Amino acid sequence: MTDNCIFCKIAAGEIPSATLYEDQDFRVILDVAPASKGHMLILPKQHYANICEMPEELTGKAFILAKKMAGKLETTLKCDGVNIVQNNHEAAGQTVFHFHIHLIPRYADDQVGLGWKMGKLTDADRDEIVKKITEE
Ligand code: 5GP
Ligand code: ZN
């Protein structure tokens, strides 16, 4: 538990939330400002700022839970698709610095604005990145 972390307080149940699932490691809640109907957040009960700080085993459990909750979204809310989004650091759009996974149900013709402008992989970037990542 980290002082002044809103997600620590929600995950611990100190601040009430619309809880969809809970176990010893996680609480799954509805996002207070949903991108679409059913937008939920998976919060670990222990505080880690981002995915790089998370232990591997807990990270694995978080994504297994994301798979389960995605299935529930499809069967219960009958959505047409699900985006799984996980932001790390301010540059990537993270605004709450306690690891969380977004599950955003998608509906045909919804107005959810996820995406990016497609670039072009240059030969120089390809060679540099492959070398750096594979040789580390
Ligand atoms: P991020 O931008 O860090 O990936 O996402 C933070 C998310 O947390 C946002 O979608 C925002 O709406 C949600 N959020 C922020 N504060 C609260 C809160 O107090 N309760 C709930 N349920 N969601 C919150
Ligand atoms: Zn926290």
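Refer to the preceding data block for the structure.
Because the structure is a prediction, the values reported are computed rather than measured.

Undergrad: An account of the coordination of the zinc ion (ligand 2) is requested, with residue identities and associated values reported.
TA: Listed as protein donors to the zinc ion (ligand 2) are Cys-5 (SG), Cys-8 (SG), His-47 (ND1) and His-98 (ND1); their distances from the metal cover 2.0 to 2.3 Å. In this structure, the zinc ion (ligand 2) is surrounded by four donor atoms whose angles at the metal cover 105 to 117 degrees, and the resulting shape is tetrahedral. In terms of primary sequence, the donors binding the zinc ion (ligand 2) are separated according to C-x2-C-x38-H-x50-H. Of the two residues, His-47 sits in the loop between strand 3 (40-44) and helix 2 (56-76) while His-98 sits in the loop between strand 4 (81-85) and strand 5 (101-106), which places them 51 residues apart along the sequence.

Undergrad: Go over the nonpolar core with me, naming the residues and quoting the values.
TA: Ile-42, Ile-101 and Leu-103 are the most contacted members of the largest nonpolar core, which totals 17 residues. Here this core gets seven residues from one element, more than from any other, and that element is helix 2. Beyond its immediate stretch of four places on either side in the chain, Ile-42 contacts Phe-26, Arg-27, Val-28, Ala-62, Leu-65, Ala-66, Phe-99, His-100, Ile-101 and Leu-103.

Undergrad: Can you tell me about the site of ligand 1, naming the residues and giving the values?
TA: Residues in close proximity to ligand 1 total 16 residues, the closest being Asp-31, Asn-87, Thr-95, His-100 and His-102. Contact between ligand 1 and Asp-31: an oxygen atom at 2.5 Å from a side-chain N or O atom of the residue. Take Thr-95: an N or O atom from its main chain is 2.7 Å from an oxygen atom of ligand 1. Contact with the protein chains hides 79% of the accessible area of ligand 1, taken as 520 Å² for the molecule alone. Elements represented by at least two residues in the shell around ligand 1 include exactly helix 1 (6-11) and strand 2 (26-30). When residues in the shell around ligand 1 are grouped by element, the largest group, three residues, is from helix 1. Among the residues forming the shell around ligand 1, the class breakdown is nine nonpolar, six polar and one charged.

Undergrad: Would you mind going over the side chain of Asn-50 in detail, with residue names and values included?
TA: Relative to the elements of secondary structure, Asn-50 occurs in the loop between strand 3 and helix 2. Within the structure, Asn-50 has its side chain in polar contact with the backbone nitrogen of Cys-52 (distance 3.0 Å). Once residues within four sequence positions are removed from consideration, Asn-50 is found in contact with Asn-88, His-89, Gln-94 and Phe-99.

Undergrad: If you had to explain the sheet that holds strand 2 to someone new, which residues and values would you point to?
TA: The five strands lie next to each other as 1-2-3-5-4, forming an open sheet whose pairing is antiparallel. A strand with exactly one partner marks an edge of an open sheet, and here the two such strands are strand 1 (19-22) and strand 4. In this sheet, neighbouring strand axes are inclined to one another by 20 degrees on average, regardless of whether the strands run parallel or antiparallel. In this sheet, strand 5 lies alongside strand 3 in antiparallel orientation, the contact comprising three bridges. Within the sheet, the bridge partner assigned to Leu-41 lies in strand 5 and is His-102. In the packing of helix 2 onto the sheet, contacts are made with strand 1, strand 2, strand 3, strand 4 and strand 5, and the angle to strand 5 comes to roughly 20 degrees.

Undergrad: How would you explain unusual backbone geometry if you had to name every residue and give the values?
TA: Of note, the phi angle at Lys-78 is positive, near 55 degrees, even though the residue is not glycine. Tracing the backbone through its elements, the reader meets Lys-78 in the loop between helix 2 and strand 4. In this structure Lys-78 comes out as exposed when scored by relative accessible area, which is 58%. In the Ramachandran plot, Asp-109 falls in the positive-phi region, its phi being about 65 degrees despite a non-glycine side chain. With respect to the helices, strands and loops of the structure, Asp-109 is situated in the loop between strand 5 and helix 3 (123-135). Judged by relative accessible area, which is 75%, Asp-109 ranks as exposed.

Reading guide: rules and limits
Residues numbered from 1 in each chain as written. Chains lettered and ligands numbered in written order. Predicted model: local features only at pLDDT ≥ 70, side-chain atom pairs only at ≥ 80, totals over all residues. Heavy atoms only, no water. Donors = N, O, S within 2.8 Å, 3.2 Å for Na, K, Ca; no water. Tetrahedral: all angles 85-135°; square planar, octahedral: opposite > 155°, others 65-115°. Helix = DSSP H or I, 4+ residues; strand = E, 2+ residues; numbered from the N terminus. Core = buried A, V, L, I, M, F, W, Y, C linked by side-chain atoms within 4.5 Å. Buried < 20%, exposed > 50% of the residue type's maximum accessible area, 1.4 Å probe, protein only. Contact = heavy atoms within 4.5 Å. Near = heavy atom within 4 Å. Polar contact = N/O pair within 3.5 Å; in protein donor to acceptor, adjacent residues only side chain to side chain. Areas by Shrake-Rupley, 256 points an atom, 1.4 Å probe, with all protein chains shown as cover. Nonpolar A, V, L, I, M, F, W, Y, C, P; charged D, E, K, R; others polar. Pairing = 2+ DSSP bridges. Axes fitted to C-alpha atoms, helices over the stretch in contact; angles between N-to-C directions.

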